[in-house]
Amino acid sequence: MPAKKGCGAMPNPKNIPDLGIFPFFNGLSPALLESWKEYFNRKSFAKRQRLVFPSTGSDVIFFVLSGEVKIAYSSEDGKEFTITILSAGEVYSEHSLAMATAIEKTEVLYLNMADFRSIMDESPEVARRLVRLLGTILRLTNDLIADLAFRETASRLARVFWRTLQAKNITMKQQRDTIHLTHEELASLSGSTRQTINEILRHWEQQGILELHRGYVVLLKPEKLWVKVSHDHA
């Protein structure tokens, strides 16, 4: 066992931060979180770089430390369909054929599933949280399939807004909400082209439903969009 430093702190050669900063680990024992740091590695990715880890197969769980990560599927004809965009604090399990790509300069913590199983052995609560995470990933994938198969583009875009606000735990009754997604990201998330999305957004702006800004959209009358979402659930 390596000797402790003079201050009594455990060595942290991989510069792993406190795992408690991630909501996934909220409420777990600080002592356990500290001991689990040895399983993690830290890696940076440049803008538009695909996240590839030194591990076998799709056997990695990663936590976004900073930046944003796009999770998407690509079809054989080159079309890309984005499932979700992860921001700092979020976690994803690569148990699918989806590609993870850094939207901007991004840093993540990651570990392989074998080490994660060791963590689950020490804390059954982590296993329960992983099941919920995998359930969320499956739901996002199913939503994408249903959107592409059964909903027209404007309805799909409204659902992107709705899901984004729901992920942020913002009530739909608010009259002024901000969506921090570019037009390109909105097009990818709704399975459409940027040109089509631009036309829909401009039409909604003319109707006073939203305001367009560089890199984000402000919803002024979200209730007019939630009608489309409600009809989908009817």
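In what follows, the structure referred to is the one given above.
What you see is a predicted model; the values in this text were computed from it and never measured.

Conventions used here
- Residues numbered from 1 in each chain as written.
- Predicted model: local features only at pLDDT ≥ 70, side-chain atom pairs only at ≥ 80, totals over all residues.
- Heavy atoms only, no water.
- Phe/Tyr/Trp six-rings, centres within 6.5 Å; stacked < 30°, edge-to-face > 60°.
- Buried < 20%, exposed > 50% of the residue type's maximum accessible area, 1.4 Å probe, protein only.
- Helix = DSSP H or I, 4+ residues; strand = E, 2+ residues; numbered from the N terminus.
- Pairing = 2+ DSSP bridges.
- Axes fitted to C-alpha atoms, helices over the stretch in contact; angles between N-to-C directions.
- Contact = heavy atoms within 4.5 Å.

Describing the packing of aromatic side chains
Okay, so step 1: On inspection of all chains with the given rule, the structure shows 13 aromatic pairs.
Okay, so step 2: A centroid spacing of 5.7 Å and a plane angle of 80° characterise the contact between phenylalanine 45 and phenylalanine 53, whose relative ring orientation is edge-to-face. Taken individually, phenylalanine 45 and phenylalanine 53 each receive the classification buried, so the pair is uniform in this respect.
Okay, so step 3: Summarising the aromatic geometry, the rings of phenylalanine 62 and tyrosine 92 are spaced 6.1 Å apart at their centres and angled 45° between planes, so their arrangement reads as tilted. Of this pair, phenylalanine 62 sits in strand E2 (residues 60–66) while tyrosine 92 sits in strand E5 (residues 91–93), placing them 30 residues apart in sequence. Here the two residues phenylalanine 62 and tyrosine 92 agree in accessibility, since each one is buried.
Okay, so step 4: Put simply, the rings of Phe22, Phe24, Phe25, Trp36, Phe40, Phe63 and Phe116 touch in pairs and so form one group of aromatic residues.

Regarding unusual backbone geometry
Trans peptide bonds make up the majority, and among non-glycine residues the majority have a negative phi.
Okay, so step 1: With a phi angle near 55°, asparagine 15 is a residue other than glycine that sits in the positive phi range.
Okay, so step 2: Structurally, the position occupied by asparagine 15 is in the segment before helix H1 (30–36).
Okay, so step 3: Backbone geometry places arginine 48, a non-glycine residue, at a positive phi of 70°.
Okay, so step 4: Relative to the helices and strands, arginine 48 resides in the loop between strand E1 (41–45) and E2.
Okay, so step 5: For arginine 48, a relative accessible area of 61% puts it in the exposed group.

A short note on the sheet that holds strand E7 (residues 106–112)
Okay, so step 1: Sheet architecture is open: 4 strands sit in the order E1-E7-E2-E5, paired in antiparallel fashion. Edge positions in the sheet fall to E1 and E5, since each has one partner strand and no second. Neighbour to neighbour, the strand axes of the sheet diverge by 30° on average, direction disregarded.
Okay, so step 2: Across 3 bridges, E2 lies against E5 in antiparallel orientation. Looking across to E5, one finds that phenylalanine 63 is bridged to valine 91.
Okay, so step 3: Each of E2 and E7 touches helix H2 (residues 113–122); the most contacted strand, E7, lies at about 75° to it.

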